[in-house]
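# Coordinate analysis (summary)
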Amino acid sequence: MSAQRRALVIGGSMGGLFAANLLARAGWDVELFERVGEALAGRGAGIVTHDELFAVIRRAGAVIDDTIGCATHSRVTLDRTGRVIAEMPLDQILTAWGRLYRLMKDVFPAARYHFNKSLVRVAQSDAAVTAHFADGSQASGELLIGADGIRSTVRAQFLPQARPAYVGYLAWRGLAEESAVSDGTRRALSDR
């Protein structure tokens, strides 16, 4: 019987948590390393869910219940005055990034999620891959996954030519206190 395979996941946000949980469920010994020093739950905003997202959450070992989000039944478009000018029936569940993060983090063993681990470099040999961290520590395994975001240290080492590129559009997202929204707008958006 061979020893359990070991995986290192660099990046403890959503992508890293999905990878770490799925590998652990597949029998890997997984360690996850996050560069910041505290839980990331306060980051992000709203997320529209879909069946494939729920399927991978379940496959990663988490339970989805009624607290996952809010059900909506249509999409609406408002004009500048707040009047509904278009509506499309669409049943969806809206949730928050922090809710999904907490759900995925809670099913991953806390002792294997390491904060304050800023990756400096990766070294490879025929037998292993080793992550070297800014605090002088290191970890080795058979597999390393770089899930460390847009400014990825892993990507910078192995694909230094890869750079973020403007794709030709901007999307503005925002949150508003419910009390700051007019009664008419609140009625127009309720369950939508």
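Below you will find a few notes about this structure. (Residues numbered from 1 in each chain as written. Predicted model: local features only at pLDDT ≥ 70, side-chain atom pairs only at ≥ 80, totals over all residues. Heavy atoms only, no water.)

## Observations regarding the overall build of the protein
A tally of helices and strands in the protein yields five helices and ten strands. Computed over C-alpha atoms, the radius of gyration of the protein comes to 21 Å, more than 25% over the 16 Å expected from 2.2 N^0.38 for 192 residues, which places it beyond the range of a compact globule. When the backbone C-alpha atoms are referred to their principal axes, the protein occupies close to 65 × 40 × 25 Å. Taking all 192 residues of the protein together, the buried fraction comes to 31%. Long-range contacts, defined as pairs at least 24 residues apart, comprise 61% of the intrachain contacts of the protein with a sequence gap of at least 6. Working note: accessible area of the protein is about 12400 Å², and carbon and sulfur atoms make up 53% of it. For the protein, the separation between the mean place of its 23 positive charges and that of its 20 negative charges on side chains is 5 Å. (Helix = DSSP H or I, 4+ residues; strand = E, 2+ residues; numbered from the N terminus. Rg over C-alpha atoms; globule rule 2.2 N^0.38 Å. Buried < 20%, exposed > 50% of the residue type's maximum accessible area, 1.4 Å probe, protein only. Contact = heavy atoms within 4.5 Å. Areas by Shrake-Rupley, 256 points an atom, 1.4 Å probe, with all protein chains shown as cover. Lys, Arg positive; Asp, Glu negative; His and termini not counted. Charge placed at Lys NZ, Arg CZ, Asp CG, Glu CD.)

## What about unusual backbone geometry?
Even without being glycine, asparagine 116 reaches a positive phi, approximately 60°. Mapped onto the fold, asparagine 116 is located in the loop between strand S6 (113-114) and strand S7 (119-124). Notably, aspartate 191 is not glycine yet its phi reads approximately 60°, a positive angle. Structurally, aspartate 191 can be placed in the segment after helix H5 (183-189).

## Observations concerning the sheet that holds strand S3 (residues 46-48)
Strands sit in the order S3-S5-S4 across an open sheet of three strands; the sheet is antiparallel. For this open sheet the edge positions go to S3 and strand S4 (70-78), each flanked by a neighbour on one side alone. Across the sheet, the axes of successive neighbouring strands diverge by a mean angle of 55°, strand direction being ignored. As defined by bridge partners, S3 adjoins strand S5 (residues 84-96) across three bridges and the pair is classed as antiparallel. Paired with glycine 46 across the bridge in S5 is alanine 96. On top of the sheet, helix H3 (residues 97-107) reaches S3 and S5; it is set at about 25° to S5, its chief contact. (Pairing = 2+ DSSP bridges. Axes fitted to C-alpha atoms, helices over the stretch in contact; angles between N-to-C directions.)

## Concerning the pairing of strand S2 (residues 29-33)
Extensive coverage of S2 is indicated by the burial of five of its five residues. The side-chain alternation of S2 yields two buried faces, one formed by Asp29, Glu31 and Phe33 and the other by Val30 and Leu32. Summarising the sheet, strand S1 (residues 6-10) and S2 pair through five bridges and their orientation is parallel. Within S2, the residue paired with isoleucine 10 across the bridge is phenylalanine 33. As a crossover connection, the stretch from S1 through helix H1 (residues 14-25) into S2 is right-handed. Two elements, S2 and S6, share two bridges in a ladder whose sense is parallel. Residue pairing for S6: leucine 32 is matched across the bridge by tyrosine 113. (Right-handed = clockwise from strand over helix to strand, strands pointing away.)

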